[in-house]
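Chain residues, written in single-letter form:
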Amino acid sequence: MCNDVPYIPEKTSKRGRRPSQAKTTEQAIRVDRWVKQQREESWVKVTLRDGEKGKLTVEILQGLICYWDRKTCQAKQWHLLVRRELGSSSDIKYSLSNAPEQTSLVRLAHMQGQRYWIERAFQDGKSHCGLDHYQVRGWQGWHHHVALVMMAMLFMLKEKLLHEDDVPLLSCNDIEILLTHFLPRLDLSDTEVIAQMEKRHRKRQTAIESQRRKQLISPPG
């Protein structure tokens, strides 16, 4: 636990102003220096998710630290999470978490990895639902636009979950193409548009299996 309480030092001279900036008795250390002080055995391999290029496995370093933002009256205990890609000592990400002290390293690693899904949601929203295609001057119009985009994304998510078993690779791009075909225009027959989607899925599935075979031959790390 962090017992360090920042204090305002007493004035030691008759000259000058009385000190007003709080100080701490603990010696501060840069995060990158702290990482270099840790043993290599302290890094733990964690698999975050399955991707089209195989399993995403990273190395995680975790520690409990005392963090003081110079605004509060006492330092607080946080989790410091350091993540690096396998085989790379330069691609390092740092995160702070106020999760309970007993939270496991694996749980913290997966929480940090949720940023991928957030960025993916924004990417799908911009690419397929017009999230960034607004021309408004006020907050009300912007809220209306974003609300419609969220409804469109919710529809796509429900369709992906509904067809998860029979069409596991169904994407927002697929749904957009299917809607373009079935709703306003019929440039292709039903059989042709389904055949095109299945062709795309076969290519993606082949790429996924190829990456998995490579991992079996030469596992990461």
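These figures come from a predicted structure and were not determined experimentally.

About the cut-offs
Residues numbered from 1 in each chain as written. Predicted model: local features only at pLDDT ≥ 70, side-chain atom pairs only at ≥ 80, totals over all residues. Heavy atoms only, no water. Helix = DSSP H or I, 4+ residues; strand = E, 2+ residues; numbered from the N terminus. Buried < 20%, exposed > 50% of the residue type's maximum accessible area, 1.4 Å probe, protein only. Contact = heavy atoms within 4.5 Å. Areas by Shrake-Rupley, 256 points an atom, 1.4 Å probe, with all protein chains shown as cover. Polar contact = N/O pair within 3.5 Å; in protein donor to acceptor, adjacent residues only side chain to side chain. Disulfide = S-S within 2.5 Å. Expected span 1.5 Å × (residues − 1). Phe/Tyr/Trp six-rings, centres within 6.5 Å; stacked < 30°, edge-to-face > 60°. Lys NZ or Arg CZ within 6 Å of the ring centre and 35° of its normal. pLDDT = per-residue confidence, 0-100. Salt bridge = Lys/Arg side-chain N within 4 Å of Asp/Glu carboxyl O. Axes fitted to C-alpha atoms, helices over the stretch in contact; angles between N-to-C directions. Parallel < 35°, antiparallel > 145°, perpendicular 65-115°, else oblique. Nonpolar A, V, L, I, M, F, W, Y, C, P; charged D, E, K, R; others polar. Pairing = 2+ DSSP bridges.

Chemist: What is the right way to look at the overall build of the protein in this model?
Modeler: Along the backbone of the protein there are six helices and four strands. Along the protein, helices (α) and strands (β) appear in the sequence α-β-β-β-β-α-α-α-α-α when read from the amino end. Among the 221 residues that make up the protein, the fraction classed as buried is 25%. Counted over contacts in the protein with a minimum sequence separation of 6, partners at least 24 positions apart contribute 44%. With the model as given, the accessible surface of the protein reaches about 16,900 Å², and the carbon-plus-sulfur share is 53%.

Chemist: What is the right way to look at the side chain of His145 in this model?
Modeler: For His145, the location among the structural elements is in helix α4 (residues 139-162). Assessed through its relative accessible area of 18%, His145 is described here as buried. Engagement of the side chain of His145 in a polar contact is seen with the backbone oxygen of Leu131, the distance being 3.4 Å. Apart from the residues lying within four places of it in its own chain, the contact partners of His145 are Gly130, Leu131, His133 and Tyr134.

Chemist: What is the right way to look at the state of the cysteines in this model?
Modeler: Covalent bonding between the sulfur atoms of two cysteines is what defines a disulfide. Under the counting rule described, the total for this entry stands at zero disulfides. Unpaired in this structure, Cys129 has its nearest cysteine sulfur neighbour in Cys172, at a distance of 6.2 Å.

Chemist: Mind showing me how you'd approach helix α6 (residues 190-217) here?
Modeler: Between its terminal C-alpha atoms α6 stretches 41 Å, which fits the 40 Å expected from 28 residues at 1.5 Å a residue. Of all the positions in α6, only Val193, Met197, His201 and Ile208 are classed as buried. For α6, the secondary structure elements touched by its buried residues are α5 (172-182).

Chemist: Looking at this structure, I do not really get the packing of aromatic side chains. What am I missing?
Modeler: The description of an aromatic ring pair rests on the distance of the ring centres and on the angle between the ring planes. If you walk through the whole model with that rule in mind, you get two aromatic pairs. With centroids separated by 4.8 Å and ring planes inclined at 80°, the aromatic side chains of Tyr116 and Trp117 adopt a geometry described as edge-to-face. Plain terms: the ring middles of Trp139 and Trp142 are 5.6 Å apart, the flat faces sit at 90° to each other, and that makes the pair edge-to-face. Taken together, the residues Trp139 and Trp142, both in helix α4 and three residues apart, mark about one turn of the helix. You can call Trp139 exposed: its relative accessible area is 63%. The ring of Trp117 has Arg49 lying over it, and the distance from NZ or CZ to the ring centre is 5.9 Å.

Chemist: Would you mind going over the confidence of the model for the protein with me for this structure?
Modeler: Close inspection of predicted coordinates is inappropriate for parts of the model with low pLDDT. Per-residue pLDDT for the protein has a mean of 84; in total, 85% of the residues score no lower than 70. α4 holds the highest mean pLDDT among the elements of the protein, 95, whereas α6 holds the lowest, 87.

Chemist: Just checking my understanding: could you explain the pattern of salt bridges for this structure?
Modeler: Should their charged atoms come close, side chains of opposite charge can pair. Under the defined criterion, the tally for this structure stands at nine salt bridges. In this structure, the salt-bridge partner of Arg30 is Asp32, at a minimum N-O distance of 2.8 Å. What emerges from the salt-bridge pattern is a single network uniting Glu40, Glu59 and Arg84.

Chemist: When you look at the packing of α4 against α5 in this model, what are you seeing that I'm missing?
Modeler: Packed helices, taken two at a time, are described by their axes: the angle between them and the distance between them. Running from N to C, α4 and α5 cross one another at 100°; their axes reach a closest spacing of 10 Å. Taken as axis vectors, α4 and α5 run roughly perpendicular relative to one another. In this structure, α4 contributes Phe155, Met156, Glu159 and Lys160 to the contact, and α5 contributes Cys172, Ile175, Glu176 and Leu179. Counted by class, the contact of α4 with α5 contains five nonpolar, no polar and three charged residues.

Chemist: Please clarify how α4 should be interpreted in this entry.
Modeler: For an α-helix, 3.6 residues make a turn, and residues three or four places apart therefore share a direction. With 24 residues, α4 extends 34 Å between its outermost C-alpha atoms, agreeing within 8% with the 34 Å of an ideal straight helix rising 1.5 Å per residue. Where α4 is buried, its residues touch α3 (115-128) and α5.

Chemist: In this structure, what is going on with the sheet that holds strand β2 (residues 54-67)? I would like to understand it.
Modeler: Each strand in a sheet pairs with its neighbour through backbone hydrogen bonds, running either in the same direction (parallel) or in the opposite one (antiparallel). Strand order in the open sheet formed by four strands is β1-β2-β3-β4, and the pairing between neighbours is antiparallel. Each of the sheet's edge strands pairs with one partner strand only, and the pair in question is β1 (44-51) and β4 (92-97). Within this sheet the neighbouring strands show an average axis-to-axis angle of 30°, counted without direction. As paired elements, β2 and strand β3 (residues 76-85) share ten bridges and run antiparallel to each other.

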